[in-house]
Amino acid sequence: MDIFLQTVLILGLTGTLAGLGAGILGVGGGFVMVPVQYWVLTDLLEMDSTLATRVAFATSLAVILPTAIATASGHSKKGAVAWDAVKRMCVPGFFMAIAGAYVATSVHGDWLRYLFGALLLGAAVKMALKPSYARDNERDTTVLMLIVAGAIFGFLSGLLGIGGGYLIVLFLTLVSGYEIHRAVGTSTAFLIFASAGGVLAYILFGWGLTGIPAPSLGYVDLHQWVILVVTSIPASFVGVSLSHRIPSRHLEWLFVGLLFLSALKMFGIF
């Protein structure tokens, strides 16, 4: 099969899965897109692994931005976004995403890939061990804690190209006691700001760089971006609808499974 057609089919399916993941789990979809993009860039297009990692991170964030806007709108209409928390996290999240992207463009790609895999695996274990009960007891979270959380998640968003959504969901469920659907909705709203900062940085830091398939904006591969956006946004609306029909604990176990598989992929196990 022609490499171009293979790329379109693979990324089209990936965008659909990422959109569903964004809508159902509030995670932006980067945990699905980054491993697949990395594989396409290195195996099909034979790009250097470090450059491929950066392009995958940058393009993933560029897809997450419009998908997060669409998804957050759907969750907000269902009353599942805690806007007060988002307001406190969004500014530090935006600026720290820029810092994270700067670091990502300065270190070796394998180190980032293994760090990404370790974070995914740790998150899967943490969510799996969470006690199963029908209703969480939502707790007050201090303004300072939300600001610090926004800064950390924003930095990791820019560093690893994942939006930081799965970490936000964990934080809101395990620390703030949010019910999973409310955590998912709030996560998607935060991703708008974190991904915007990361995308801006990856464009600026990669401007004029050679070796990235044209057309591109800095590290953002526009061919991949178009395919992923066109498929992920419609799928995200379906995901939002499905999210509010799935029981909380079932939703959490789905989240755990996807995190675990993505971690294994980043470690190169399959």
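Residues numbered from 1 in each chain as written. Predicted model: local features only at pLDDT ≥ 70, side-chain atom pairs only at ≥ 80, totals over all residues. Heavy atoms only, no water.

(A) Local environment of the overall build of the protein. What the protein contains, in helices and strands, is 10 helices and 2 strands. Reading the protein from its N end, one meets helices and strands in the order α-α-α-α-α-α-α-α-β-β-α-α. At 17 Å, the protein has a C-alpha radius of gyration in line with the 18 Å of a compact globule built from 270 residues. Each of the three principal axes of the protein carries a C-alpha extent, and together these read 50 × 35 × 35 Å. (Helix = DSSP H or I, 4+ residues; strand = E, 2+ residues; numbered from the N terminus. Rg over C-alpha atoms; globule rule 2.2 N^0.38 Å.)

(B) Structural view of the packing of aromatic side chains. Summed over all chains, the structure comprises 4 aromatic pairs. When the centroid spacing of 5.1 Å and the interplanar angle of 90 degrees are considered together, the rings of Phe94 and Phe95 count as edge-to-face. Assessed through its relative accessible area of 53%, Phe95 is described here as exposed. Ring plane angle 70 degrees and centroid distance 5.5 Å describe the contact between Tyr102 and Phe205, whose orientation is recorded as edge-to-face. With Tyr102 in helix α4 (residues 83-104) and Phe205 in helix α8 (residues 180-205), the pair connects residues that are 103 residues apart, well separated along the chain. Overall, Tyr102 belongs to the partly exposed group, its relative accessible area being 49%. On the basis of relative accessibility, which here comes to 35%, the residue Phe205 falls in the partly exposed class. Sitting over the ring of Tyr178, Arg182 keeps its end group 5.1 Å from the ring centre. (Phe/Tyr/Trp six-rings, centres within 6.5 Å; stacked < 30°, edge-to-face > 60°. Buried < 20%, exposed > 50% of the residue type's maximum accessible area, 1.4 Å probe, protein only. Lys NZ or Arg CZ within 6 Å of the ring centre and 35° of its normal.)

(C) How the structure looks around the side chain of Thr105. If you trace the backbone, Thr105 turns up in the loop between α4 and α5 (109-128). Reaching out from Thr105, the side chain makes a polar contact with the backbone oxygen of Tyr102 at a distance of 2.8 Å. Once residues within four sequence positions are removed from consideration, Thr105 is found in contact with Arg54, Tyr202, Phe205 and Tyr219. (Polar contact = N/O pair within 3.5 Å; in protein donor to acceptor, adjacent residues only side chain to side chain. Contact = heavy atoms within 4.5 Å.)

(D) Inspection of the environment of Cys90 at higher detail. Along the chain, the position of Cys90 falls in helix α4. We classify Cys90 as buried; its relative accessible area is 12%. In this structure the C-alpha to C-alpha distance between Cys90 and Ala194, which are 104 residues apart in sequence, comes to 7.0 Å. Residues contacting Cys90, with those up to four places away along its chain left out, are Phe190 and Phe193.

(E) Structural context of helix α9 (residues 222-243). Over its 22 residues, α9 runs 30 Å from end to end, which matches the ideal 32 Å to within 8%, given 1.5 Å per residue. The largest bend in α9 comes to about 25 degrees, at Ser232, with the proline Pro234 one to four residues further on. Structurally, the start of α9 carries an N-cap: the backbone nitrogen of His223 is 3.0 Å from a side-chain oxygen of Asp221. (Expected span 1.5 Å × (residues − 1). Bend = angle between axes of the 7 residues up to and from the residue.)

(F) Focus on the packing of α4 against α8. Two numbers describe how α4 lies on α8: the axes approach to 7 Å, and their chain directions differ by 25 degrees. Comparing their axes, α8 and α4 come out roughly parallel. Between α4 and α8 lies a crossing whose hand is right-handed. Listed contacts from α8 to Trp83, Ala85, Val86, Met89, Cys90, Gly93, Phe94, Ala97, Ile98, Ala101, Tyr102 and Ala104 of α4 are Thr186, Ala189, Phe190, Phe193, Ala194, Ala196, Gly197, Gly198, Leu200, Ala201, Tyr202 and Phe205. Its residues assigned to classes, the contact of α4 with α8 shows 20 nonpolar, 4 polar and no charged. (Axes fitted to C-alpha atoms, helices over the stretch in contact; angles between N-to-C directions. Parallel < 35°, antiparallel > 145°, perpendicular 65-115°, else oblique. Left-handed = near helix turned anticlockwise from the far one by under 90°. Nonpolar A, V, L, I, M, F, W, Y, C, P; charged D, E, K, R; others polar.)

(G) Region of interest: the environment of Leu167. Relative to the elements of secondary structure, Leu167 occurs in helix α7 (residues 165-174). With relative accessibility at 13%, the residue Leu167 sits in the buried group. Distance in space between the C-alpha atoms of Leu167 and Leu119 is 8.8 Å, their sequence separation being 48 residues. Not counting chain neighbours up to four residues away, the residues in contact with Leu167 comprise Phe153 and Leu156.

(H) Inspection of the confidence of the model for the protein at higher detail. The share of residues in the protein with pLDDT of 70 or more is 91%, and the mean pLDDT across the chain is 83. Of all secondary-structure elements in the protein, the lowest mean pLDDT belongs to helix α10 (residues 248-266), at 73, while strand β2 (residues 220-221) reaches the highest, 94. (pLDDT = per-residue confidence, 0-100.)

(I) Spatial organisation of a nonpolar patch on the surface. A cluster of nonpolar side chains, namely Tyr102, Leu200, Leu204 and Phe205, defines an oily patch on the protein surface of about 400 Å² accessible area. In terms of residue count, α8 provides more of the nonpolar patch than any other element does, 3 residues in total. Checked against the element boundaries, Leu200 lands in helix α8. (Patch = residues over 30% accessible without salt bridge, like charges linked within 9 Å, V, L, I, M, F, W, Y side chains within 5 Å. Areas by Shrake-Rupley, 256 points an atom, 1.4 Å probe, with all protein chains shown as cover. Salt bridge = Lys/Arg side-chain N within 4 Å of Asp/Glu carboxyl O.)

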